[in-house]
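# Examination of the molecular architecture
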Amino acid sequence: MLKILKYSFFDLMRSRWSYVYFIFYLALGFVLLFLNNDLNKAVITLMNIIIVLTPLIGTIFGVMYYYNSKEFTELLLAQPINRNKIFMGQYLGISLSLTLSLVLGLGIPFIGYGLFKSAVIFDFSLLLIAGSFLNFIFVALSYNIALSTDNKIKGFGYAILMWLFLAVIYDGIFLISLLMFNEYPLDKFSLIATMFNPIDLSRILILLKLDISALLGYTGAVFRMFFGTSFGMVISIFILALWVILPVFRMNFKLKKKDF
Amino acid sequence: MIEFKNLHKKFGKLIVLDGLDLKITKGGIFAVLGPNGSGKTTLIKSLLGMVIPNKGDIFLNGKSVLKKWDYRNNLNYLPQIANFPPNLSVIELIDMVKNLRPKKANEQELIKLLGLQAFLNKKLGTLSGGTKQKVNLVLTFMFDSELIILDEPTTGLDPIALIHLKEIIKKEKGKGKTILITTHIMSVVEELADEIVFLLDGKIYFKGSIEALKKQTDNDNLEHAIANLISKQYA
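One structure accompanies this document, and this report is about it. (Residues numbered from 1 in each chain as written. Chains lettered and ligands numbered in written order. Predicted model: local features only at pLDDT ≥ 70, side-chain atom pairs only at ≥ 80, totals over all residues.)

## Considering the interface of chain A and chain B
- If you look at the interface, chain A gives 19 residues, while chain B gives 23 residues.
- Taken together, the elements giving at least two residues each to the side of chain A that touches chain B come down to helix H1 (2-13) and helix H4 (70-77) of chain A.
- Top contributing element to the side of chain A that touches chain B by residue count: H4 of chain A, with five residues.
- For the side of chain A that touches chain B, the class distribution of residues is eight nonpolar, four polar and seven charged. (Contact = placed C-beta atoms within 7 Å. Helix = DSSP H or I, 4+ residues; strand = E, 2+ residues; numbered from the N terminus. Nonpolar A, V, L, I, M, F, W, Y, C, P; charged D, E, K, R; others polar.)

## What to know about the pairing of strand E2 (residues 14-24) of chain B
Residues and elements named next belong to chain B.
- Of the strand pairs in this sheet, strand E1 (residues 2-11) and E2 are connected by eight bridges, and their pairing is antiparallel. Pairing of Phe11 across the sheet is with Leu14, part of E2.
- Once E1 ends, the chain turns through two residues before running back antiparallel as E2, passing Gly12 with a positive phi of about 65°. (Pairing = 2+ DSSP bridges.)

## Some details on the nonpolar core
- Counting 131 residues, the largest nonpolar core has Ala140 of chain A together with Ala31 and Val138 of chain B as its most contacted members.
- Broken down by element, this core gets its largest block of residues, 15 residues, from helix H6 (residues 121-148) of chain A.
- Setting aside residues up to four positions removed in sequence, Ala31 of chain B forms contacts with Ile181, Thr183, Val189, Ala193, Ile196 and Val197 of chain B. (Core = buried A, V, L, I, M, F, W, Y, C linked by C-beta atoms within 7 Å. Buried ≥ 20, exposed ≤ 12 C-beta atoms within 10 Å, placed from the backbone.)

## Some details on the sheet that holds strand E7 (residues 147-151) of chain B
All names here are of chain B.
- Strands sit in the order E6-E7-E8-E3-E9-E10 across an open sheet of six strands; the sheet is mixed. Among the strands making up the open sheet, the edge pair consists of strand E6 (75-78) and strand E10 (203-208). Pairs of neighbouring strands in the sheet enclose a mean axial angle of 15°, with direction left out of account. (Axes fitted to C-alpha atoms, helices over the stretch in contact; angles between N-to-C directions.)

Given below as structure tokens:
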């Protein structure tokens, strides 16, 4: 598996798109710090971008890599390697190279700006951890979609829909249901609904660490009571991990019966 | 050496293999023929473990191969379409495949024979279809395995490369290897094949030597003899 991982990783690290992605984050980091002149504010702006963008890029890279390397995967399947290992290697290769682009692209400008001497280092690391989780989650989800859909165009469509649903539509439904049922106690509902969407979960997790949760009103207080504690933090990370493990598990299950 | 037993495979509603039984003995060149969509590639891919049959079993040297993978160390496969990661160079790809198999490889000889020296450091994405097929050939033949499976090996090759390919195949046969070929080029079959396996409607319709086929269809020309077999499907 490590060999496949290595080659997928290097193949991707050499592709133009990894550089574009890396340079985008690098430029974003520098521009934000230049405009804001404040690490703390830059972290908040970055969060808004990362929370939407990393899932989108992870989704697109995942489906694109799967469909583009299909014939090559077939060549690997004819080699004496377990097929699960081939796909796990590819999956980890994509996720790691995307994560590397993210961490290096944002890390370099922030370190240059004196991150290590500032108090936001914890918030910033949390941001990167959430971004990395989102990479792993969305590459796994998109790989699942690609494995279940032989038609490239359909696979792409489903993957983008999945992203759109989790990044935009889910929030819409969530908000509407909060409005509709605002006579009922909704704190438990909102807590649980947040858990079912990795994007929301990461957003809340970071927001609450940023000490701006006062803006969120009563629900914010409930959330703060939950996520603000180390217990809430552990639970959230655990659920993010579940969002990685379950799709990966389904991938391995699907592979047992898949024809190539 | 290879035995397919009552093999069934459906893709959705389409029945591709319908209770296929086939025994292939060790040594020699077997041409797997049949009209488009007769299940040649499916048959080969089930042997490779890429397609998972609905029913039936496949034995290689007496051992079932279903759900296993280590047996593939003892076979070489040339896929129909060669498409490699565009960002790797030829030599990196060859090294990678070598790295994946715990076996000795003699790629240098093949690279020389097929004239690939000038391309070794080129990115695979920049190569032409025929050159990619040559790389594909190197990857397939560089290992010494008992069983060699070639799916449309002649695609995109220029005449000289084709001659070299035939030489390579004959040389491998001389070493006592078992070689399975699928192709639509009858001259290749006529020149190389010891035995023909003809698939129709997911079953073996004919198995035997070229002479036997010619005799059965009452036709001196192999191309016409095969056309004769296929035309029964169109009738």
